[in-house]
Amino acid sequence: MNVTRGFTGRPRVHHPGLPPGQYDAGDDWPVLSAEVTPDLAPADWTFRIDGLVAEPRSWDWDEAHALPASVYEGDIHCVTSWSKFGVRFGGVSLDAFWDAVRPDASATHVVAYAHSGYTTNLPLADLTGGRAWIAWEYDGEPLAAEHGGPARLLVPHLYFWKSAKWIAGLRLLDHDEPGFWEQNGYHARGNPWEEQRYSGD
Amino acid sequence: MTETTAPDTAFSPPTRFAVPGRIAVSNRTAALWQTATLTEIRRETPVVSTFRFAVPGWAGHLPGQHLMLRLTAGDGYTAQRHYSLASPPDDAGHIELTLDHVEGGEVSGWFHTEARPGDQVEVRGPLSGFFAWPGDRPALLIGAGSGVVPLMSMLRHHRRRALNVPLRLLVSARGPEELIYAAEYGAETTAVFTRRAPEGMPVGRLSAAHVARVVAERPTGGWEAYVCGSNAFAEHASRLLVAAGQPVDRIRIERFG
Ligand SMILES: Cc1cc2nc3c(=O)[nH]c(=O)nc-3n(C[C@H](O)[C@H](O)[C@H](O)COP(=O)(O)OP(=O)(O)OC[C@H]3O[C@@H](n4cnc5c(N)ncnc54)[C@H](O)[C@@H]3O)c2cc1C
């Protein structure tokens, strides 16, 4: 351990929900996107699932909203080291979408892509079993554009760069394929509890 | 190897990412924590200082890249934050960071009240190739506050290498005394003051006119725009760029949160 002379850190109570190397951002919600925030109206938003599925298809805003509503209440963790406790997102569980498209047994990975063109890769297993959402509400309000509104992917058990803003679609593959940040040195999976920040962690 | 893993069958989304990464970063160096020894502290403004470090194993970086810095307390508690590299690449074994003293800030607070030459911290990087500028394309740089830090690395690189490719910098500060690196700007730079301006200069935020004037220069190959600062500033500046006709796929944004 390399102790920094004179550094004590801010007085802290250990929060069991705080992964290693993270701090509590409190009411702040930093914005960290690489691109210009797209001007995307709900009426122009579409969401598609294709690749290794029995029935590829797309949903528009109203069709997606007709699916059973689902809420995530819990924490989120950004690789830039802030975490946010007790957030509340509203949307639809990805399981509702999986029921419709029926993934192939051969599908192992997913590339999530955004209306901005941003991409990120995930193991399919991280997007099933009630652990991932398409979210369009935050705290009961429409999700702000800078946070990915009208709709974003939400995978709260992984670092937040996996939760692609302005989500446009998911493509199922039988292999892993790095997305934007992953090609730029970030970890393929991004589990905050194992501090999988950069490739090689 | 099966056919589906061949590179030419790799998935490309129906939308293409507006800002492709430019530089492949070394995963090996990005994963490694290295000891950085503070060698010098230079005051830039009343609340901003530059910290120079010796990092003997530093693999080099490109202007615009950042690193992750970690401080460790006696009880094992660590705090880590991202900081842009202020120094140009040609500074063998040394790097410089410029830190704003954030009110109540844990890491910047330690730097501004406690740090002295000889102190050691840990860094990993350089990280992220996407905001990097190797000096190849005309660069239109827009920054506010400490957002000017990665842009200064680009400007210094441009000067040291005596590059011919056009470079313009629009930098916003609250007042002249808060303008970081004030003595280093030349004809390529336009400073904008939002609260207090020197005699004869207007007070006001970065405007459509400032941005349009530079965009209109239309250098050969087109501008690659780099915007850095708070999220609010990044939103404002990137909208002005789009309105002035700068293509969205030639705008790169680094938000300090
Ligand atoms: C890619 C990138 C590059 C960056 N480059 C630079 C750079 O070149 N220069 C630079 O100066 N900054 C840079 N930043 C910002 C930097 O990473 C830090 O966010 C900044 O230095 C503040 O960190 P801190 O530890 O001093 O403050 P923090 O402790 O993180 O506090 C930030 C704010 O939150 C409040 N706060 C948070 N938690 C608590 C708490 N528990 N109790 C009380 N108050 C709290 C503080 O009062 C303060 O106002 C960069 C950020 C990114 C993402």
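Residues numbered from 1 in each chain as written. Chains lettered and ligands numbered in written order. Predicted model: local features only at pLDDT ≥ 70, side-chain atom pairs only at ≥ 80, totals over all residues. Heavy atoms only, no water.

- Chain B goes by Ferredoxin reductase in an unreviewed UniProt entry, where it is assigned to Streptomyces akebiae.
- Taken directly from UniProt, the Cofactor (unreviewed entry) text for chain B runs: "FAD". (UniProt positions renumbered as here; feature names shortened; annotations may be inferred.)

- The name given to chain A in an unreviewed UniProt entry is Sulfite oxidase-like oxidoreductase, with Streptomyces akebiae as the source organism.

## So, the overall build of chain B
Then step 1. A count of helices and strands for chain B gives 5 helices and 11 strands.
Then step 2. Buried residues in chain B amount to 54% of all 257 residues.
Then step 3. For chain B, long-range pairs separated by at least 24 residues make up 68% of all intrachain contacts whose partners lie at least 6 apart in sequence.
Then step 4. For chain B, the accessible area works out to roughly 10700 Å², and carbon and sulfur atoms hold 52% of it. (Helix = DSSP H or I, 4+ residues; strand = E, 2+ residues; numbered from the N terminus. Buried < 20%, exposed > 50% of the residue type's maximum accessible area, 1.4 Å probe, protein only. Contact = heavy atoms within 4.5 Å. Areas by Shrake-Rupley, 256 points an atom, 1.4 Å probe, with all protein chains shown as cover.)

## A word on the overall build of chain A
Then step 1. Within chain A, the regular secondary structure consists of 3 helices and 11 strands.
Then step 2. Secondary structure elements in chain A, listed N-terminal to C-terminal, are β-β-β-α-β-β-α-β-β-β-β-β-β-α.
Then step 3. Scaling as 2.2 N^0.38, a compact globule of 201 residues should have a C-alpha radius of gyration of about 17 Å, and chain A matches this with 17 Å.
Then step 4. Overall size of chain A, expressed as C-alpha extent along the three principal axes, is 60 × 35 × 30 Å. (Rg over C-alpha atoms; globule rule 2.2 N^0.38 Å.)

## Some remarks on the UniProt feature "domain: FAD-binding FR-type" (unreviewed entry) in chain B
Then step 1. Annotation from UniProt places "domain: FAD-binding FR-type" (unreviewed entry) at residues 31-133 of chain B.
Then step 2. Annotation note: span residues 31-133 of chain B, helix share 9%, strand share 47%, distance between end C-alpha atoms 22 Å.

## Considering the UniProt feature "domain: Oxidoreductase molybdopterin-binding" (unreviewed entry) in chain A
Then step 1. Following the UniProt record, the feature "domain: Oxidoreductase molybdopterin-binding" (unreviewed entry) maps to residues 37-181 of chain A here.
Then step 2. The span residues 37-181 of chain A is 10% helical and 41% strand by assignment, and the distance between its end C-alpha atoms comes to 17 Å.

## Comments concerning helix α3 (residues 149-160) of chain B
All names here are of chain B.
Then step 1. Helix length check: α3, at 12 residues, gives a terminal C-alpha distance of 17 Å against a target of 16 Å (1.5 Å per residue), a fit within 8%.
Then step 2. Taking burial as the measure, the 12 residues of α3 include 10 buried ones, the bulk of the element.
Then step 3. Note on α3: the residue one or two positions beyond its end, A162, has a positive phi of about 50 degrees. (Expected span 1.5 Å × (residues − 1).)

## Digging into the packing of aromatic side chains
Then step 1. For the structure shown, the criterion picks out 25 aromatic pairs over all chains.
Then step 2. Taken together, a centroid distance of 4.7 Å and an interplanar angle of 65 degrees make the contact between F180 of chain A and W181 of chain A edge-to-face. Considered together, F180 of chain A and W181 of chain A belong to a single accessibility category, that of buried residues.
Then step 3. A ring pair is formed by F130 of chain B and F131 of chain B, whose centres lie 6.2 Å apart and whose planes are at 55 degrees; its orientation type is tilted. F131 of chain B shares its class with F130 of chain B; the two are buried.
Then step 4. Site record: aromatic cluster; members linked through ring pairs are Y118, Y159, W161, F180, W181, Y186 and Y198 of chain A together with F130, F131 and Y226 of chain B.
Then step 5. The ring of W33 of chain B has R70 of chain B lying over it, and the distance from NZ or CZ to the ring centre is 4.0 Å.
Then step 6. Sitting over the ring of Y181 of chain B, R156 of chain B keeps its end group 4.8 Å from the ring centre. (Phe/Tyr/Trp six-rings, centres within 6.5 Å; stacked < 30°, edge-to-face > 60°. Lys NZ or Arg CZ within 6 Å of the ring centre and 35° of its normal.)

## A word on the interface of chain A and chain B
Then step 1. In this assembly, 48 residues from chain A lie in contact with 60 residues from chain B.
Then step 2. For the pair chain A and chain B, the two sides together bury roughly 4400 Å², of which 55% comes from carbon and sulfur.
Then step 3. Applying the counting rule to chain A against chain B returns 3 salt bridges.
Then step 4. R5 of chain A is the salt-bridge partner of E114 of chain B, the closest N and O atoms lying 3.2 Å from each other.
Then step 5. In this assembly, chain A and chain B are joined by 18 residue pairs in polar contact (both at pLDDT 80 or more).
Then step 6. With 3 residues, strand β6 (residues 109-114) of chain A is the single largest residue contributor to the side of chain A that touches chain B. (Buried area = accessible area lost by both parts, 1.4 Å probe. Salt bridge = Lys/Arg side-chain N within 4 Å of Asp/Glu carboxyl O. Polar contact = N/O pair within 3.5 Å; in protein donor to acceptor, adjacent residues only side chain to side chain.)

## A look at the sheet that holds strand β3 (residues 66-72) of chain B
Residues and elements named next belong to chain B.
Then step 1. Taken in spatial order, the 6 strands line up as β4-β3-β6-β1-β2-β5 in an open sheet, and their pairing is antiparallel. Every other strand in the sheet has two partners, leaving β4 (78-84) and β5 (94-100) as the edge strands with one partner each. When strand polarity is set aside, the average angle formed by the axes of neighbouring strands in this sheet is 40 degrees.
Then step 2. Two elements, β3 and β4, share 7 bridges in a ladder whose sense is antiparallel. Bridge pairing in β4 places T72 opposite T78.
Then step 3. Each of β2 (48-54), β3, β4, β5 and β6 (120-127) touches helix α2 (residues 106-113); the most contacted strand, β4, lies at about 80 degrees to it. (Pairing = 2+ DSSP bridges. Axes fitted to C-alpha atoms, helices over the stretch in contact; angles between N-to-C directions.)

## A few points about unusual backbone geometry
Then step 1. Look at the link from G149 of chain A to P150 of chain A: it is a cis peptide, with omega at 15 degrees.
Then step 2. Relative to the helices and strands, P150 of chain A resides in the loop between β9 (141-142) and β10 (152-154).
Then step 3. Note that the residue after G125 of chain B, namely P126 of chain B, is joined by a cis bond; omega there is 5 degrees.
Then step 4. Tracing the backbone through its elements, the reader meets P126 of chain B in strand β6.
Then step 5. Even without a glycine there, the phi angle at D139 of chain A is positive, about 55 degrees.
Then step 6. Following the sequence through the fold, D139 of chain A ends up in the loop between β8 (133-138) and β9.
Then step 7. Despite not being glycine, W166 of chain A has its phi angle at roughly 50 degrees, a positive value.
Then step 8. For W166 of chain A, the location among the structural elements is in the loop between β10 and β11 (167-173).
Then step 9. Take W166 of chain A: its relative accessible area is 1%, and that puts it in the buried class.

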